[in-house]
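Okay, here's what each chain looks like letter by letter:
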Amino acid sequence: MALTLQVLGTPDTDNALFVKVDTGQAQSRLLFDCGDGCPHALDPNDLRAIDHLCFSHLHMDHVSGFDLFFRVNFDRDDRANRIWVPSGSGEIVANRFRGFLWNLVGPSQKGEWLVHEIGPERVETRAYLAREAFRTAHERPAWPRRARTVIDGAGFTVEALLLDHGTPSVAYVVREAARVNVDTEKLYARGFKPGPWLNRLRGAPATPGETVDVNGAAHDLNALQGELLVTTPGDSVAYLTDFRCAPAALENLAPVLAGVGTVVCECQFRAGDADLADAVMHSTAVEVAQLAARANVGKLVLFHFSARYTAAERYEMLAEARDVFPRAEFPPGW
Ligand SMILES: [Zn+2]
Ligand SMILES: [Zn+2]
């Protein structure tokens, strides 16, 4: 299993986050936001295989690269086309679907797009079809949000939280499933030969009294699972952008982010410009570092800086953050 991430764009351009989850059996690709030039920076094979496009919100700097994403994928039918947006923003996505001349589409066009609107109480979904030139919003069943999880994927989940950016902005947390491995040293120390029984060992917990045949003898499965299996927590990454990291938000977010491996977080303003952050509902370097410290995350990756700052000032912002949370850094190459 592996979870890899790539911050797209540069300090002076729009940004996005690409996450790939590889379980060994399945690969899943997630793109968080789609600013100008961001999908262009992806390997074309990855771009054509994005499983979920998760928008924080639809301000221009987060959606301006969508045309390329849509152009290469609008008619694909080898996987579902899923887009996630905050509640009330689905119509903007639909209007982007419709913003082209579709006179050549016909019944052979296979593309079907599901637009999920994430609200505080429920997720509403509408489907749009390429063969209809995306004219009609087809209602799909809504589901209540009993938990934060909105995507239950192959070996991973994605949680969504609504943040305050003057408009709702969705934060996402990707969590790999825990990895269960066989301790091969113990296996060989016991003289157990590998075989099909290992699949059962790694599978569901033993039922009471269940045995498994190893080297021609029956062994108590529950005892073997306790002895031979090693469970390692999965990796995790959070994507937080365009929100006001005010004290109340920090209180709400810290328990959710507790122990997350990597937090990729906006850093629009210097600590001394908190009044600007207040005015446009963004966050300062010190505020997001305080959040990372409170949640004791693995590391904090700062991105989405205000264009008002020079490269030298961005380094000063990194230093401000590191004074509060030493494991703060820029994306590679920034
Ligand atoms: Zn915004
Ligand atoms: Zn933004």
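Residues numbered from 1 in each chain as written. Chains lettered and ligands numbered in written order. Predicted model: local features only at pLDDT ≥ 70, side-chain atom pairs only at ≥ 80, totals over all residues.

Novice: Looking at this model, I keep getting lost on the overall build of the chain. Mind explaining?
Specialist: Tallying secondary structure elements over the chain gives 11 helices and 19 strands in all. Reported as C-alpha extents along the three principal axes, the dimensions of the chain are approximately 70 × 60 × 35 Å. The 334 residues of the chain split such that 37% are buried. Across the chain, every contact between residues at least 6 apart in sequence was considered, and the portion connecting residues at least 24 apart equals 62%. (Helix = DSSP H or I, 4+ residues; strand = E, 2+ residues; numbered from the N terminus. Buried ≥ 20, exposed ≤ 12 C-beta atoms within 10 Å, placed from the backbone. Contact = placed C-beta atoms within 7 Å.)

Novice: Would you explain the sheet that holds strand S18 (residues 299-303) in this entry?
Specialist: What holds strands together in a sheet is hydrogen bonding between their backbones, with the strands either parallel or antiparallel. Strand order in the open sheet formed by 7 strands is S9-S10-S11-S16-S17-S18-S19, and the pairing between neighbours is mixed. Each of the sheet's edge strands pairs with one partner strand only, and the pair in question is strand S9 (149-153) and strand S19 (328-329). Strands strand S17 (262-266), S18 and S19 of the sheet are contacted by helix H10 (residues 285-295), whose axis makes an angle of about 155° with S18. (Pairing = 2+ DSSP bridges. Axes fitted to C-alpha atoms, helices over the stretch in contact; angles between N-to-C directions.)

Novice: I keep staring at the domain arrangement of the chain and nothing clicks. Help me out?
Specialist: How big an interface is tends to be expressed through the accessible area that disappears when the partners come together. The domain architecture assigned to the chain consists of domain 1 (1-177), domain 2 (179-230) and domain 3 (244-334). Of note, the centres of domain 2 and domain 3, computed from C-alpha atoms alone, are 46 Å apart. (Domains from an automatic or database assignment.)

Novice: In this structure, what is going on with helix H7 (residues 221-228)? I would like to understand it.
Specialist: Residues that lie three or four places apart on an α-helix share one face, since the helix turns once every 3.6 residues. Restricting attention to buried positions, one finds in H7 the residues Leu221, Leu224 and Gln225. End-on view of H7: buried residues confined to an arc of 100°, all on one side of the axis. What points out from H7, more than 90 degrees from its buried face, is the exposed set Ala223 and Gly226. In this fold, the buried residues of H7 make contact with helix H6 (197-202), strand S13 (211-214), strand S14 (217-220) and strand S15 (229-232). (Arc of directions from axis to C-beta.)

Novice: What exactly am I supposed to notice about the nonpolar core here?
Specialist: Where a protein is soluble and globular, its nonpolar side chains tend to be buried together. Judged by nonpolar contacts, the single largest core of 76 residues is most densely connected at Tyr172, Ala238, Val263, Leu300 and Ala321. Looking at which domains feed residues into this core, each of domain 1 (1-177) and domain 3 (244-334) supplies at least three. (Core = buried A, V, L, I, M, F, W, Y, C linked by C-beta atoms within 7 Å.)

Novice: Hey, could you run me through the sheet that holds strand S3 (residues 27-32) in this one?
Specialist: Here 8 strands make up an open sheet; going across it, the order is S1-S2-S3-S4-S5-S6-S7-S8 and the pairing mixed. Strand pairing shows two members of the sheet lacking a second neighbour, strand S1 (2-8) and strand S8 (138-144), which therefore form its edges. Between one strand and the next, the sheet's axes are offset by a mean angle of 20°, whatever the strand orientation. The pairing of strand S7 (residues 122-129) with S8 spans 5 bridges and is antiparallel.

Novice: Whenever I open this one, the pairing of S14 confuses me. Can you help?
Specialist: If a strand is regular, its side chains alternate between the two faces of the sheet. Bridge analysis of S13 against S14 gives 4 bridges, and the strand direction is antiparallel. Bridge pairing links Asp213 to Ala218 in S14. Where S13 folds back onto S14 in an antiparallel hairpin, the turn is made up of 2 residues, including Asn215, whose phi is positive at roughly 50°.

Novice: I'm lost on the environment of Pro332 in this one. Help?
Specialist: With respect to the helices, strands and loops of the structure, Pro332 is situated in the segment after S19. According to the C-beta neighbour criterion, Pro332 is exposed, with 8 such atoms within 10 Å. Sequence separation between Pro332 and Gly99 is 233 residues, and the spatial gap between their C-alpha atoms is 36 Å.

Novice: Sorry, what's going on with unusual backbone geometry here?
Specialist: With the exception of glycine, the majority of residues adopt a negative phi angle, and the majority of peptide bonds are in the trans configuration. Residues other than glycine seldom take positive phi values, yet Asn296 does so here, at roughly 50°. Considering the arrangement of structural elements, one finds Asn296 in the loop between H10 and S18.

Novice: Honestly, the packing of H10 against helix H11 (residues 311-324) in this entry has me stumped. Any pointers?
Specialist: The description of two helices packed together rests on the angle between their axes and the distance between the axes. H11 packs onto H10 with a crossing angle of 30° between their chain directions and a minimal axis gap of 8 Å. Relative to H11, the element H10 lies roughly parallel. Two packed elements cross with a definite hand, and for H10 against H11 that hand is right-handed. Of the residues in H11, those in contact with Ala285, Val286, Val288, Ala289, Gln290 and Ala293 of H10 are Met317, Glu320, Ala321 and Val324. For the contact of H10 with H11, a count of residues per class yields 8 nonpolar, 1 polar and 1 charged. (Parallel < 35°, antiparallel > 145°, perpendicular 65-115°, else oblique. Left-handed = near helix turned anticlockwise from the far one by under 90°. Nonpolar A, V, L, I, M, F, W, Y, C, P; charged D, E, K, R; others polar.)

Novice: Explain the environment of Pro144 to me, please; I cannot follow it from the model alone.
Specialist: With respect to the element layout, Pro144 can be found in strand S8. By C-beta crowding, Pro144 is classed as exposed, having 9 other C-beta atoms within 10 Å. In this structure the C-alpha to C-alpha distance between Pro144 and Pro11, which are 133 residues apart in sequence, comes to 38 Å. In contact with Pro144, not counting residues within four places along its chain, are Glu121 and Arg122.

Novice: Mind showing me how you'd approach the packing of helix H8 (residues 247-257) against H10 here?
Specialist: Between H8 and H10, the shortest axis-to-axis distance is 8 Å and the interhelical angle comes to 45°. When the interaxial angle is binned, H8 and H10 end up oblique. Pair H8 / H10 crosses with right-handed handedness. Here Leu250, Leu253, Ala254 and Leu257 of H8 come into contact with H10, specifically with Gln290, Leu291, Arg294 and Ala295.

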